[in-house]
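# A structural walkthrough
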Amino acid sequence: MTETTQMARLGAVRPTAEIVAARLKRRHNAERRFRAVGLGAVLLALGFLGILLFTIVGNGITAFVQTYVRIDVTFDSALLGIEGDTGPDALAAANYQAIIKQSLYRTFPEAKTRAEQRQLGAMVSSGADIDLRKMLTADPSLLGQTRSLWLLADDDIDMAVKGHIPRQQGIAGNRLSDNELRWLSELESRGAVETRFNTLLWSSGDSREPELAGLWGAVVGSIFSLVITLLVSFPLGVATSVYLEEFAPKNRWTDLIEVNINNLAAVPSVVFGLLGLAVFLNILGMPRSAPLVGGLVLALICLPTIIIAARAAMKAVPPSIREAAAGLGASKLQVVTDHVLPLSMPGILTGTILGMAHALGETAPLLMIGMVAFIVDIPATPLDPAAVLPVQVYLWADSPERAFVERTSAAIMVLLLFLALMNLSAILLRKKFERRW
Amino acid sequence: MNSQVTAHRPQGCAKVSARSLSVHYGEKHALQAVDLDIRAGEVTALIGPSGCGKSTFLRCINRMNDMVEGAKVSGSLTLDGSDIYDRALDVVQLRARVGMVFQKPNPFPKSIYDNIAYGPRIHGLARDQNELDEIVMTSLERAGLLAEVKDRLTESGTSLSGGQQQRLCIARAIAVGPEVILMDEPCSALDPIATAKVEELIDDLRENYTIVIVTHSMQQAARVSQRTAFFHLGKLIEVSDTEQIFTNPQQPLTQGYITGRFG
Ligand SMILES: Nc1ncnc2c1ncn2[C@@H]1O[C@H](COP(=O)(O)OP(=O)(O)OP(=O)(O)O)[C@@H](O)[C@H]1O
Ligand SMILES: [Mg+2]
């Protein structure tokens, strides 16, 4: 037997154990190096994530509170311009700005010149009258009375209170004049300045005035868009993958389709936006800036991701399960619906949520279909014009006011929160589907 | 030839009958002009060296080869006289009549109950829940598994031991009420005790079903089968009563294989 003699000879020269032992140290070293590199990469990533979160939270956390100032407001019917007529229409149309101004002048009588009075009037937000209108329409008996009220402060005052604008007087080019800074200090010394939870951020749409600008319009727009995206892309994606994976003949055409789907996943999303503009808006005449169109465009972007993930998940279902079902006489469709789909559902859901998370953060394609418009109203249906969160971030990041800087970070935090919630739901859904066995 | 008992059984008419059956996998000629009759009410064992086409033949009978890309079947194969490869024949119906047990136990990742109820459900064999329960219980009973699992019907089928899983698969196959059961090396993943149980089960099932079993174990073929077919390189070399094959093979190739000179 030549083999055994060869083995014996090899063994005689150097036993296997010795050879292995000699290389063992190198192997262990390679392993250690590999682990160190991996750990380093993870730490680096965590570090960057930490920096990102730190700057965003540091910039944006103050946006969740808003400054209010307390002023004695007199509901003076002469100033309101509703002498004699206290019907609801008259109350709604009354000039509340005038009584706010008047109350401010009375609080700081030293403001005599028109310029000083204008500065004084600008300390309270131009949206503060909305609260007064609500109060008076709810309770007309307030007419003629004086109340001590907390009014929404202007964004520059808010910034100064939060420390984003210098408080020392006499700095050239400061957004707040020395007068305003003095009045603010005085209000503070009277205990008439307060920061409260920013409810407007969660209830109103966009505004030119930072202190009035809210995220809710964008949140609702994003929810509408994502619901449409999910409703379109999930069934379509799963059906496509089922067809391609289980029913389509394997030939050149299906190969071509497969290659194209993989390519679509890499197409810049702005191209999908142009497609949406051409097809949904110009040909089908759908409304501009609407979450319906946004959702459809995002669905196009999601589809390749979902299809690729779903096909991979379906490929991973063991053939023995398919054979077992087919062997019992299950039709092709029954094999798919009873076994392949349930078993691949965790993978399909992961792909779907990844695609949706991707869609949630998309901005460029939505700009193409007009979702960059300045929209104040909260959309009531997916057909109303709306903003979405990333576009809101983009719009606010572009605004010069200091107060929009913190709102931009706040919007990013909300966006990240949404992402985290979606990923959490993905994990929970997977758990649910996997725990069945 | 010390026993003629099995040679002239009354139920020994051909259930499945192959005439010059050939199978190609692309270029590969895996089965070459096989003529073979499988008799009703008997266990037929298919033996032969690895790659000789035993599984291929078996998978023709329930058209499992339809699922294989590039597989081409020619010649004729009939079940009770009607062509299995007739275009008009529905594979779903065929597979309800011809059940299969695979080499590796492959229970569904569902409860034990649902594993067995799946076949009856898709074929609509039970009119109500009671009938379905009945079918599940009798199938488990016949597969000799009932005593071991009757308190854990809602547990996953994959939580059973290998041998139990294989008997679960047999129970699942008989729950559909097939006429023929195909078994492709059903015991190759099992230990001797589990194997003995499955063999016992096969012997019990013989009364009511026509069974075709592929096996690599000569002893197993001798123990459970009444007829044995020996395949070699895609050809059927010899088929006859099991006793005859093991005591007095007619072909030198068969003799060489069963005496362990190759294979
Ligand atoms: N899907 C397939 N594609 C191509 N060739 C195949 C395929 N399945 C089987 N073959 C070939 O057909 C021949 C017969 O295979 P088959 O599986 O029937 O052998 P077998 O007798 O069952 O072997 P074993 O005892 O190892 O299971 C083998 O040469 C094999 O390589
Ligand atoms: Mg085989």
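Use the structure listed above.
Bear in mind the structure is a predicted one, so any value in this text is a computation, not a measurement.

## Brief notes about the overall build of chain A
The helix and strand tally for chain A stands at 18 helices and 3 strands. Over its C-alpha trace chain A gives a radius of gyration of 32 Å, far above what one expects of a compact globule, namely 22 Å for 437 residues. Across its three principal directions, the C-alpha atoms of chain A cover 120 × 55 × 40 Å. Relative to its full complement of 437 residues, chain A shows a buried share of 42%. Within chain A, counting contacts between residues at least 6 apart in sequence, those at least 24 apart form 76% of the total. Surface summary for chain A: the accessible area is close to 22500 Å², and the carbon and sulfur share equals 64%.

## With respect to the interface of chain A and chain B
With 18 residues of chain A at the interface, the matching set in chain B holds 24 residues. For the pair chain A and chain B, the summed buried surface comes to about 1800 Å²; carbon and sulfur atoms form 65% of the total. At the junction of chain A and chain B, the tally comes to 1 salt bridge. The shortest N-O distance in the salt bridge between A:Glu323 and B:Arg59 comes to 3.0 Å. Our count for the contact surface shared by chain A and chain B stands at 5 residue pairs in polar contact (both at pLDDT 80 or more). When residues of the side of chain A that touches chain B are traced back to their parent elements, those giving at least two are helix H14 (319–327) and helix H15 (332–361) of chain A. Among the elements that make up the side of chain A that touches chain B, the one with the highest residue count is H14(A) (8 residues).

## Describing the site of ligand 1
All names here are of chain B. The full set close to ligand 1 counts 13 residues, and Ser50, Lys54, Ser55, Thr56 and His216 are the nearest of them. A distance of 2.7 Å separates an oxygen atom of ligand 1 from a polar atom in the side chain of His216. In isolation ligand 1 offers 630 Å² of accessible surface; the protein chains occlude 65% of this area. Breaking the shell around ligand 1 down by element, the ones donating at least two residues are strand S2 (28–39) and helix H1 (54–61). Per-element accounting of the shell around ligand 1 gives the leading share, 3 residues, to H1.

## A few points about the sheet that holds strand S9 (residues 227–232) of chain B
All names here are of chain B. Strand order in the open sheet made by the 6 strands is S6-S7-S8-S3-S9-S10, with mixed pairing throughout. The sheet is open, and its two borders are formed by strand S6 (98–101) and strand S10 (235–241), each paired with just one other strand. The mean inter-strand angle of the sheet, taken between neighbouring strand axes irrespective of direction, is 15°. Bridge count for strand S3 (residues 43–47) against S9 is 4 bridges, and the pairing is parallel. Counted as the bridge partner of Thr44 is Arg227 from S9. Strand contacts of helix H6 (residues 162–175): S6 and strand S7 (180–184), with the helix running at about 175° to S6, the strand carrying the most contacts.

The rules behind these values
- Residues numbered from 1 in each chain as written.
- Chains lettered and ligands numbered in written order.
- Predicted model: local features only at pLDDT ≥ 70, side-chain atom pairs only at ≥ 80, totals over all residues.
- Heavy atoms only, no water.
- Helix = DSSP H or I, 4+ residues; strand = E, 2+ residues; numbered from the N terminus.
- Rg over C-alpha atoms; globule rule 2.2 N^0.38 Å.
- Buried < 20%, exposed > 50% of the residue type's maximum accessible area, 1.4 Å probe, protein only.
- Contact = heavy atoms within 4.5 Å.
- Areas by Shrake-Rupley, 256 points an atom, 1.4 Å probe, with all protein chains shown as cover.
- Buried area = accessible area lost by both parts, 1.4 Å probe.
- Salt bridge = Lys/Arg side-chain N within 4 Å of Asp/Glu carboxyl O.
- Polar contact = N/O pair within 3.5 Å; in protein donor to acceptor, adjacent residues only side chain to side chain.
- Near = heavy atom within 4 Å.
- Pairing = 2+ DSSP bridges.
- Axes fitted to C-alpha atoms, helices over the stretch in contact; angles between N-to-C directions.

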